[in-house]
Amino acid sequence: MESVPGVDVTGLLRALTAGDEEALPQLVSILYHELRRIAYGYMSREREGHTLQTSALINEAYLRLVSAEGLACEGRIHFLALAAQTMRRILVEHARSRAYLKRGGGMVLTSLDEGMIAAPDRDPELLELDEALTELAKIDPRKAQIVEMRFFAGLSVEETAQALRVSPQTVLRDWKLSKLWLTRQMTSPK
């Protein structure tokens, strides 16, 4: 398994799987740079002025991973994929709550001038992508995992292949098919 020079990442992952509460904070501090890269990738695709910041996304993912029961990681790449998946879920939940508020939930009176300000909003795109990815997972879970690992976690073809225990050629083929399928789903009239 993988390791960071001078640190036994695999040992920390085994300790985490065994229930050692001290392993996760150590692991996060060791892999913080990579977690930050993943979170930054997510946030760079979000609308301007998003209420979550990169570090807040990392912290929220950390809290969810800490509270997850039975968290089992096979290696550094698998842990990063779980963190990326958790970050995606956080952003989707955030987008859904914004959509709820836009439909009148928690209604607040505003003046006509305030209500006329239009801001670029990518939340609907994220929700649409999440719905399409959820559908893909029902049809072919591995292809959905490849999308999460490649697009959201920023893992290489080789890292994704290693995490899923398939060949790099399989990852490339599934990645190509997944992108086509998702594009078709997201552009077809509803």
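The structure we're discussing is the one just above.
Since the structure is predicted, the reported quantities are computational estimates derived from the model, not experimental observations.

In terms of nonpolar packing, the biggest core is built from 53 residues, with L16, L27, Y42, L57, F79 and M87 touching the most fellow members. Going through the elements one at a time, α1 (9-17), α2 (23-44), α3 (54-67), α4 (76-102), α6 (123-139), α7 (141-152), α8 (157-164) and α9 (168-187) are the ones with two or more residues in this core. Sort the elements by how many residues they give to this core and α4 lands first, with eleven residues.

So, on to the side chain of S178. Inspection of the secondary structure assignment puts S178 in helix α9. Polar side-chain contacts of S178 include one of 2.6 Å to the backbone oxygen of D174. The contacts of S178, once residues within four sequence positions are left out, are L136, K143 and V147.

This paragraph deals with unusual backbone geometry. The phi angle at R165 is positive, at roughly 60°, despite the residue not being glycine. When its relative accessible area of 65% is taken as the criterion, R165 is described as exposed.

Further remarks concern the packing of α7 against α8. The interhelical angle for the contact between α7 and α8, taken along N-to-C directions, is 135°, at an axis separation of 10 Å. It follows from the interaxial angle that α7 and α8 lie oblique. You can see that α7 and α8 cross each other, and the crossing is right-handed. Mapping the contact onto sequence places R142, Q145, I146, M149 and R150 in α7 and V157, T160, A163 and L164 in α8. Here the residues of the contact of α7 with α8 are counted per class, giving five nonpolar, two polar and two charged.

If you check which residues of α8 are buried, you get V157, T160, A161, A163 and L164. The buried residues of α8 occupy an angular sector of 165° when projected down its axis, which confines them to one face. Two residues or fewer past α8, R165 is found with a positive phi of approximately 60°.

So, how was this worked out
- Residues numbered from 1 in each chain as written.
- Predicted model: local features only at pLDDT ≥ 70, side-chain atom pairs only at ≥ 80, totals over all residues.
- Heavy atoms only, no water.
- Core = buried A, V, L, I, M, F, W, Y, C linked by side-chain atoms within 4.5 Å.
- Buried < 20%, exposed > 50% of the residue type's maximum accessible area, 1.4 Å probe, protein only.
- Helix = DSSP H or I, 4+ residues; strand = E, 2+ residues; numbered from the N terminus.
- Polar contact = N/O pair within 3.5 Å; in protein donor to acceptor, adjacent residues only side chain to side chain.
- Contact = heavy atoms within 4.5 Å.
- Axes fitted to C-alpha atoms, helices over the stretch in contact; angles between N-to-C directions.
- Parallel < 35°, antiparallel > 145°, perpendicular 65-115°, else oblique.
- Left-handed = near helix turned anticlockwise from the far one by under 90°.
- Nonpolar A, V, L, I, M, F, W, Y, C, P; charged D, E, K, R; others polar.
- Arc of directions from axis to C-beta.

None of the figures reported here should be taken as evidence of function without further support.
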